[in-house]
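The chain contents come next:
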Amino acid sequence: MMAARIAGIPCLVEVTSYIPGEPGSFFEPPSGPEIEYEVYDRRGYKANWLLAKITDADDLAILDQHEATLQSRRDEARIDAYLDSLEAHAWA
């Protein structure tokens, strides 16, 4: 779960589905990313009442935060793979 704010209220968000955007082609227009999530209060209880307060800006901020987390994990995986390859060459 990740920390977020909806209507200025601190909460936790658990992403249940994420589909990255597609660049499109000559025959298909580009599509934006899609995200679905559950909202919890800071104690971990479902906060469906908070969904009624969500704005487009809140939704976009949650999407941006999730995509930034994914990018960070990809970068860390690349760094780990690079360090592993250096270590393997050092032992060879």
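Here is a short report on the structure shown in this document. (Residues numbered from 1 in each chain as written. Predicted model: local features only at pLDDT ≥ 70, side-chain atom pairs only at ≥ 80, totals over all residues. Heavy atoms only, no water.)

## As for the nonpolar core
Phase 1: Core analysis: the biggest nonpolar cluster contains 12 residues, these being Met 2, Ala 4, Ile 6, Cys 11, Val 13, Ile 35, Tyr 37, Val 39, Ala 47, Leu 50, Ile 62 and Leu 63.
Phase 2: Those elements giving two or more residues to this core turn out to be strand E1 (2-6), strand E2 (9-19), strand E3 (34-40) and helix H2 (56-91).
Phase 3: Excluding anything up to four places from it in sequence, Ala 4 contacts Ile 9, Pro 10, Cys 11, Val 13, Ile 62 and Gln 65. (Core = buried A, V, L, I, M, F, W, Y, C linked by side-chain atoms within 4.5 Å. Buried < 20%, exposed > 50% of the residue type's maximum accessible area, 1.4 Å probe, protein only. Helix = DSSP H or I, 4+ residues; strand = E, 2+ residues; numbered from the N terminus. Contact = heavy atoms within 4.5 Å.)

## Some remarks on the packing of aromatic side chains
Within a pair of aromatic rings, the relevant descriptors are the distance that separates the centres and the angle that separates the planes.
Phase 1: Scanning all chains against the criterion turns up one aromatic pair.
Phase 2: Summarising the aromatic geometry, the rings of Phe 26 and Phe 27 are spaced 5.1 Å apart at their centres and angled 90 degrees between planes, so their arrangement reads as edge-to-face.
Phase 3: Residue class for Phe 27 comes out exposed when judged on its relative accessible area of 69%. (Phe/Tyr/Trp six-rings, centres within 6.5 Å; stacked < 30°, edge-to-face > 60°.)

## Side note on the side chain of Asp 58
Phase 1: In this fold, Asp 58 is placed in helix H2.
Phase 2: Buried charge Asp 58 goes without a salt bridge, the closest partner of opposite sign being Arg 5 at 9.1 Å.
Phase 3: Setting aside residues up to four positions removed in sequence, Asp 58 forms contacts with Arg 5, Ile 6, Ala 7 and Lys 53. (Lys, Arg positive; Asp, Glu negative; His and termini not counted. Salt bridge = Lys/Arg side-chain N within 4 Å of Asp/Glu carboxyl O.)

## Concerning a negative patch on the surface
Phase 1: Side chains of Glu 76, Asp 80, Asp 84 and Glu 87 sit close together on the surface and give a patch of like negative charge.
Phase 2: Mapped onto the elements of the fold, Asp 84 is located in helix H2. (Patch = residues over 30% accessible without salt bridge, like charges linked within 9 Å, V, L, I, M, F, W, Y side chains within 5 Å. Areas by Shrake-Rupley, 256 points an atom, 1.4 Å probe, with all protein chains shown as cover. Charge placed at Lys NZ, Arg CZ, Asp CG, Glu CD.)

## Quick word on the sheet that holds E2
Phase 1: With antiparallel pairing, the three strands of this open sheet are ordered in space as E1-E2-E3. Taken across any chain shown, the strands that pair with only one partner, and hence form the sheet edges, are E1 and E3. The average angle at which neighbouring strand axes cross in this sheet is 50 degrees, direction not considered.
Phase 2: With five bridges joining them, E1 and E2 adopt antiparallel strand pairing. Bridging across to E2, Arg 5 finds its partner in Pro 10. (Pairing = 2+ DSSP bridges. Axes fitted to C-alpha atoms, helices over the stretch in contact; angles between N-to-C directions.)

## Here we look at the environment of Arg 5
Phase 1: Along the chain, Arg 5 falls in strand E1.
Phase 2: Sequence separation of Arg 5 and Ser 17 is 12 residues, and the distance between their C-alpha atoms is 19 Å.
Phase 3: Apart from residues no more than four positions distant in its own chain, Arg 5 is found in contact with Pro 10, Cys 11 and Asp 58.
Phase 4: For Arg 5, the side chain forms a polar contact with the main-chain oxygen of Gly 8, separated by 2.8 Å. (Polar contact = N/O pair within 3.5 Å; in protein donor to acceptor, adjacent residues only side chain to side chain.)

## What about a nonpolar patch on the surface?
Phase 1: On the surface, a nonpolar cluster with roughly 410 Å² of combined accessible area is contributed by Ile 79, Tyr 82, Leu 83 and Leu 86.
Phase 2: Mapped onto the elements, Tyr 82 comes out in helix H2.

Remember that the coordinates give geometry; whether it matters functionally is a separate question.
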